[in-house]
Amino acid sequence: MNEQIIDNLVDQVVAKIHQERSFLVEASGRHIHLSQEHIDSLFGKDYQLTINQYLSQPGQYASKERLTILGPKGALHNVVVLGPPRSASQVEISGTDALTLGLKVPVRESGDIKDTPGIMLINGNKTVCLEQGLIIAKRHVHVATKDAEKMNVSHGEIVKVRIESDQRSLIFDDVVIRVSDKFATAMHIDYDEANACSFKKGIRGYIVK
Ligand SMILES: [Zn+2]
């Protein structure tokens, strides 16, 4: 084989590895997770959320239910409730949303809600005042256990992810890896981050170490 052919083969293999190690990036809009207790308070006793659309993570869905979030400076209307119910309610918004509400909101991993601000949730004349649970979600990659080895990552690791897009490619630092056999491999960013990289559906990310 001459050098040219070998170079082409090497390029093809590198491109294949690159593609195999890439993952889908999804933009998460603002959303609410509710405990059954809070579902009862907002929709009625033993109310069950209506499944509207399943999400990429197995078992997770967007419901038909919508709530208003009210802060000291403003409100966000028609905010989707995600299911299934969780042990603790949690509201995930973007930094821009935090400005609309007039609240200082920390960047946290999902579930890490200690010492986060509370917020008022409204459904018609029913309200719930969460004592805590308002967060800006830390950008993260859900990694299925079977993919973790091939991607050379472990649970809790912080990585950089390169997003290739038209005109606004960028590298996100401070991305947390979350590994579980309950996950489908995909990266989640919020709408502020999505706008920063000119997000389009189907866009892919690559870990840069
Ligand atoms: Zn996620």
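- Per an unreviewed UniProt entry, the chain goes by the name Phosphate propanoyltransferase and belongs to Enterococcus termitis.
- Under Cofactor (unreviewed entry), UniProt gives the following word-for-word description of the chain: "Zn(2+)".
- You can read under Sequence similarities (unreviewed entry) in the UniProt record for the chain the words "Belongs to the PduL family."

1. Points about the nonpolar core
Thinking step 1. The biggest cluster of nonpolar side chains holds 23 residues, and the ones touching the most others in it are Ile32, Leu34, Ile69, Val91, Ile93 and Leu121.
Thinking step 2. Met151, Val153, Ile163 and Phe172 belong to the second largest nonpolar core, which has 20 residues in total.

2. As for the packing of aromatic side chains
Thinking step 1. Under the counting rule described, the total for this entry stands at 2 aromatic pairs.
Thinking step 2. Measuring from centroid to centroid gives 5.1 Å for Phe43 and Tyr47, while their planes differ by 20 degrees, and the two rings are stacked.
Thinking step 3. The exposure class assigned to Tyr47 is partly exposed, which follows from its relative accessible area of 25%.
Thinking step 4. Note on Tyr54 and Tyr61: the rings are 6.1 Å apart at their centroids and 75 degrees apart in plane angle, and the pair reads as edge-to-face.
Thinking step 5. A residue is classified by how much of its surface remains accessible, and Tyr54, at 54% relative accessible area, is exposed.

3. Topic: the coordination of the zinc ion
Thinking step 1. Bound to the zinc ion are the protein donor atoms His140 (NE2), His142 (NE2) and His188 (ND1), situated 2.0 to 2.1 Å from the metal.
Thinking step 2. Mapping the donors of the zinc ion onto the primary sequence yields the spacing H-x1-H-x45-H. Per residue, the accessibility class of His140 equals that of His142, and both read buried.

4. Some words on the sheet that holds strand 13 (residues 170–180)
Thinking step 1. One closed barrel accounts for 6 strands, arranged 1-14-11-13-12-15; its pairing is mixed. This sheet shows a mean twist of 40 degrees between the axes of neighbouring strands, independent of strand direction.

5. Section: the domain arrangement of the chain
Thinking step 1. Segmenting the chain into domains produces domain 1 (14–26 + 139–208) and domain 2 (29–137).
Thinking step 2. The centre of domain 1, based on its C-alpha atoms, is set 25 Å off from the matching centre of domain 2.
Thinking step 3. With 13 residues of domain 1 in contact, the opposing surface of domain 2 contributes 12 residues.
Thinking step 4. Carbon and sulfur atoms make up 46% of the surface buried where domain 1 meets domain 2, a total of about 910 Å² over both sides.
Thinking step 5. Counting across the interface, domain 1 meets domain 2 through 0 salt bridges.
Thinking step 6. At the boundary of domain 1 and domain 2, one finds 5 residue pairs in polar contact (both at pLDDT 80 or more).
Thinking step 7. Those elements giving two or more residues to the side of domain 1 that touches domain 2 turn out to be strand 13, strand 14 (186–190) and helix 5 (191–196).
Thinking step 8. Of the residues forming the side of domain 1 that touches domain 2, the biggest block, 3 residues, is contributed by strand 14.
Thinking step 9. Of the residues contributing to the side of domain 1 that touches domain 2, the split by class is 5 nonpolar, 2 polar and 6 charged.

6. Some details on the pairing of strand 10 (residues 134–137)
Thinking step 1. Burial along strand 10 is two-sided: the residues Leu134 and Ile136 and Ile135 and Ala137 are all buried.
Thinking step 2. Note: strand 6 (residues 90–92) against strand 10, 2 bridges, orientation parallel. Looking across to strand 10, one finds that Val91 is bridged to Leu134.
Thinking step 3. Summarising the sheet, strand 7 (residues 107–108) and strand 10 pair through 2 bridges and their orientation is parallel. Counted as the bridge partner of Val107 is Ile136 from strand 10.

7. Overview of the pairing of strand 14
Thinking step 1. In terms of burial, strand 14 is a largely internal element, 5 of the 5 residues being buried.
Thinking step 2. The alternating pattern of strand 14 places Ala186, His188 and Asp190 on one face and Met187 and Ile189 on the opposite face, and all of these are buried.
Thinking step 3. Where strand 1 (residues 23–28) lies against strand 14, 5 bridges are found, and the strand directions are parallel. For Val25, the partnering residue across the bridge sits in strand 14 and is Met187.
Thinking step 4. The pairing of strand 11 (residues 140–144) with strand 14 spans 3 bridges and is classified as antiparallel. Within strand 14, the position partnered with His140 by the bridge is His188.

Procedures and definitions
- Residues numbered from 1 in each chain as written.
- Predicted model: local features only at pLDDT ≥ 70, side-chain atom pairs only at ≥ 80, totals over all residues.
- Heavy atoms only, no water.
- UniProt positions renumbered as here; feature names shortened; annotations may be inferred.
- Core = buried A, V, L, I, M, F, W, Y, C linked by side-chain atoms within 4.5 Å.
- Buried < 20%, exposed > 50% of the residue type's maximum accessible area, 1.4 Å probe, protein only.
- Phe/Tyr/Trp six-rings, centres within 6.5 Å; stacked < 30°, edge-to-face > 60°.
- Donors = N, O, S within 2.8 Å, 3.2 Å for Na, K, Ca; no water.
- Pairing = 2+ DSSP bridges.
- Helix = DSSP H or I, 4+ residues; strand = E, 2+ residues; numbered from the N terminus.
- Axes fitted to C-alpha atoms, helices over the stretch in contact; angles between N-to-C directions.
- Domains from an automatic or database assignment.
- Contact = heavy atoms within 4.5 Å.
- Buried area = accessible area lost by both parts, 1.4 Å probe.
- Salt bridge = Lys/Arg side-chain N within 4 Å of Asp/Glu carboxyl O.
- Polar contact = N/O pair within 3.5 Å; in protein donor to acceptor, adjacent residues only side chain to side chain.
- Nonpolar A, V, L, I, M, F, W, Y, C, P; charged D, E, K, R; others polar.

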